[in-house]
Amino acid sequence: MPDGSLPPKSGSKPQLYASHVKIVPKSVSGFYRRLKWRLLWLLLAIYYVAPWLRWDRGPGAPDQAILVDAGQGRLYFFMIEIWPQEVYYLTGLLIMAAIGLFLATSLAGRVWCGYACPQTVWTDLFIWVERRIEGDRAERIRLDRAPWTLAKLARRTAKHTAWVLISLVTGGAWVMYFTDAPTLLSDALRLDVSVTVLTFVGLFTATTYLLAGWAREQVCAYMCPWPRIQAAMLDEHSLVVTYQAWRGDRRAARRKSESWDEREARGLGDCVDCAQCVQVCPMGLDIRDGINGDCINCGLCVDACGSIMDTVGRPRGLISYDTLANSAARAQGRPVHWTPFRPRTIVYALILLVVGAIMTGTLLLRPRLDVSVQRDRAPLYVELSDGAIRNGYTVKISNMTRQAHSYALSVTGVPEAVVHVVGRDQQAGPVDLEVRPDSIASFRVTVKAPRDSLKAASTDIRFGLVERAADERAVYDSVFLAPEPIR
């Protein structure tokens, strides 16, 4: 068994529960480990530095490049500003992220999980801190088994203190994406932080500490749904970390005096059963047992096995990134071939391009003016003394520019309709509405029409909004209600 336990005896009752076996990964060096370190520091730098980037949006606008302004209901990303009614852009981004993940998985398995997932990044950082304070795998195992002493207490205290500090900085950085970073830091130094901010910082600090420090691989194995979803994205042509069983088995320790020809004569393969691939695995898996859904494709076992092959004088590649189809072809001595262009990858790439093009096009061509109209529900209509019918509406205008604008509001669809803004003197023709820059203005509006001009109890009408200087236009369809016409 991967955890070293014995299989159940034949006919015995299956074991439904097993205690968690702590995984203590060993340090390793090599190409994939160096790649993981570089990506780790890059991703951490982006995460911690991004809230401090500035972007000039003009007077009165926030100058933080990346900001989720919950108070104003805006999302800022450099030159892009997303309003609440444009939430479909976030939906599009989520669709693109999902399709991109499908494409990456169909090409190279769980590379996202192994290199870029936040759980992997912070767990790697926490393990690095643990290794710096408590030593490598063997020393940490001895420390776990050792009785409590002042030295052990000091090392454990130092480790958990470092973990908490990293978690605190992580939680603080996350909150900075939702408020101005310099202002938040200044308030924190003056101990003038709201309870809401403290609550969220504490929440993200606690989750980072628990998930990266304690849960670790259990998040990937039990909490994350992606290992189960990825099975539908993989096929025999996907690059995954693969043990070349045709070359490695049968496996056994190698005697120092034994030549490789003698070993081959005994029916043994290149695997010397050193278990280094298991000891470096952050998931505690034995890749030699075959493809496992919990494998995060980090490649650390490839580095570990490669260094062992160098030591014993055998070619690298016993464990490597390979496809199941190519591994089977190598076992039979047939030529191997891999191409990223397969039906599923082409479909994923096309969907990604189409959604990306639609998102880009709508973003570049989106109007900076929006209007919404809500008709009064009580009363549905009012009969005036002169016989005319009046409906009430609430008109909301979103001016998504940095300048104040005057808009002309008119109504079509009802003959001889008269529009009036509540609280103002009656105005003939279209009414002018002033809206401040980067704001939403609400107006109470009534529409009056002669009873004789109404041919039905419900008449479709259209509110039109025009900003003449900028040639911006917006419309909103509604209805005008009246009593049933007399026949």
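Check the entry above for the structure.
Residues numbered from 1 in each chain as written. Predicted model: local features only at pLDDT ≥ 70, side-chain atom pairs only at ≥ 80, totals over all residues. Heavy atoms only, no water.

### Considering the overall build of the protein chain
Using the following cut-off: Think of it this way: any DSSP run of H or I at least four residues long counts as a helix, any run of E at least two long counts as a strand, and we number them from the N terminus. The globule rule used for comparison is 2.2 Å times the number of residues to the exponent 0.38, while the radius of gyration itself is calculated over C-alpha atoms. Relative accessibility thresholds used throughout: buried, under 20% of the residue-type maximum; exposed, over 50%; partly exposed, between the two (1.4 Å probe, protein chains only).
Helices and strands together make up the secondary structure of the protein chain, namely 16 helices and 14 strands. Relative to the globule expectation of 23 Å for 487 residues, the C-alpha radius of gyration of the protein chain, 33 Å, shows a markedly less compact shape. For the protein chain, the spread of C-alpha atoms along the three principal axes comes to 115 × 60 × 50 Å. With 487 residues in all, the protein chain has 41% of them scored as buried.

### Brief notes about the packing of aromatic side chains
Here is the rule we go by: Only Phe, Tyr and Trp rings take part, Trp by its six-membered ring, and two of them pair if their centres are within 6.5 Å. Stacked means planes under 30 degrees apart, edge-to-face means over 60, and tilted covers everything else. Each ring is checked for a lysine NZ or an arginine CZ that lies within 6 Å of its centre and within 35 degrees of its normal; such an atom marks a charge sitting over the ring.
Summed over the entire model, instances satisfying the criterion amount to 20 aromatic pairs. Relative to Trp128, the ring of Trp41 has its centre 5.8 Å away and its plane inclined at 85 degrees; by these criteria the two rings are edge-to-face. With Trp41 in helix α1 (residues 31–49) and Trp128 in helix α4 (residues 118–134), the pair connects residues that are 87 residues apart, well separated along the chain. When the centroid spacing of 5.9 Å and the interplanar angle of 35 degrees are considered together, the rings of Tyr47 and Tyr177 count as tilted. Of this pair, Tyr47 sits in helix α1 while Tyr177 is found in the loop between α6 (150–176) and α7 (181–189), placing the two residues 130 residues apart along the sequence. Its relative accessible area of 13% is what places Tyr177 among the buried residues. Linked through ring pairs, Tyr47, Tyr48, Trp122, Trp174, Tyr177, Phe178, Phe200 and Phe204 together constitute an aromatic cluster. Positioned over the ring face of Trp37 is Arg33, at 4.0 Å from the centre of the ring. The ring of Trp260 has Arg314 lying over it, and the distance from NZ or CZ to the ring centre is 4.8 Å.

### Describing the sheet that holds strand β13 (residues 458–467)
Filter applied, for reference: Only when DSSP finds a minimum of two bridges between them are two strands counted as paired. Note on geometry: axes are C-alpha line fits, over the in-contact stretch for helices, and angles between N-to-C directions span 0 to 180 degrees.
Strand order in the open sheet formed by four strands is β11-β9-β13-β14, with antiparallel pairing between adjacent strands. At either end of the open sheet lies a strand with only one pairing partner, and these are β11 (431–435) and β14 (472–481). Taking the axes of each pair of neighbouring strands and ignoring which way they run, one obtains an average angle of 25 degrees across the sheet. As paired elements, β13 and β14 share ten bridges and run antiparallel to each other. Bridge pairing in β14 links Asp460 to Val479.

### Section: helix α5 (residues 137–145)
As a reminder of what qualifies: The arc in question is the one traced by the directions running from the helix axis out to the C-beta atoms. In what follows, a contact means two residues having at least one pair of non-hydrogen atoms within 4.5 Å.
Those residues of α5 lying buried are Arg140, Ile141 and Leu143. Looking straight down α5, one finds its buried side chains confined to an arc of 160 degrees; they lie on one side. α5 presents Arg142 and Arg145 as exposed residues on the side facing more than 90 degrees away from its buried surface. Residues of α5 that are buried in the fold lie against α4 and α6.

### Concerning the sheet that holds strand β3 (residues 80–82)
Spatial ordering of the open sheet is given by β1-β2-β3, a layout of three strands whose pairing is antiparallel. Both outer strands of the open sheet, β1 (66–69) and β3, are each paired with one neighbouring strand and no more. Ignoring which end each strand starts from, the neighbouring axes of this sheet average 10 degrees apart. One ladder, built from four bridges, connects β1 with strand β2 (residues 74–77); its direction is antiparallel. Residue pairing across strands places Val68 opposite Leu75, the latter belonging to β2.

### Some thoughts on the environment of Met400
Relative to the assigned elements, Met400 resides in the loop between β8 (389–399) and β9 (405–412). Sequence spacing of Met400 and Gly333 is 67 residues, and the spatial spacing of their C-alpha atoms is 65 Å. Sequence-distant contacts of Met400, defined by excluding residues within four places in its chain, comprise Trp83, Gln85, Glu86, Pro367, Arg368, Leu369 and Asp370.

### A short note on the nonpolar core
Where we set the bar: We define a nonpolar core as any set of buried Ala, Val, Leu, Ile, Met, Phe, Trp, Tyr and Cys residues linked to one another through side-chain atoms lying within 4.5 Å.
Ranked by internal contacts, the top residues of the largest apolar core, which has 28 residues, are Ile397, Leu409, Phe463, Leu465 and Phe480. When contributions to this core are tallied by element, the ones reaching two or more residues are β6 (369–375), β8, β9, β10 (418–421), β11, β12 (439–449), β13 and β14. Element by element, the count of residues in this core is highest for β12, at five residues. Excluding residues that lie within four positions of it along the chain, Leu465 makes contacts with Leu369, Val371, Ile397, Tyr407, Ala408, Leu409, Glu472, Arg473 and Ala474. Formed by 19 residues, the second largest nonpolar core is a distinct cluster that contains Cys271, Ile287, Cys305 and Val312.

### Thoughts on a nonpolar patch on the surface
The criterion, for reference: Patch members must show over 30% relative accessible area and no salt bridge, and they are joined within 9 Å when carrying like charges or within 5 Å when they are nonpolar side chains of Val, Leu, Ile, Met, Phe, Trp or Tyr. To measure how exposed things are, a 1.4 Å probe is used in the Shrake-Rupley method; for residues, cover is taken only from the protein chains shown. The term salt bridge refers to a side-chain nitrogen of Lys or Arg lying within 4 Å of a carboxyl oxygen of Asp or Glu.
Residues Phe341, Ile346, Leu350 and Leu353 make up a contiguous nonpolar surface patch of about 460 Å² in total accessible area. Relative to the helices and strands, Leu353 resides in helix α16 (residues 343–365). Classification of Leu353 by relative accessible area gives exposed; the value is 60%.

### Things to note about the side chain of Arg368
Its location among the elements puts Arg368 in the loop between α16 and β6. Given the relative accessible area of 18%, Arg368 is considered buried. With sequence-adjacent residues up to four places away left out, Arg368 is seen in contact with Glu81, Trp83, Glu86, Ser398, Asn399, Met400, Thr401 and Glu472.

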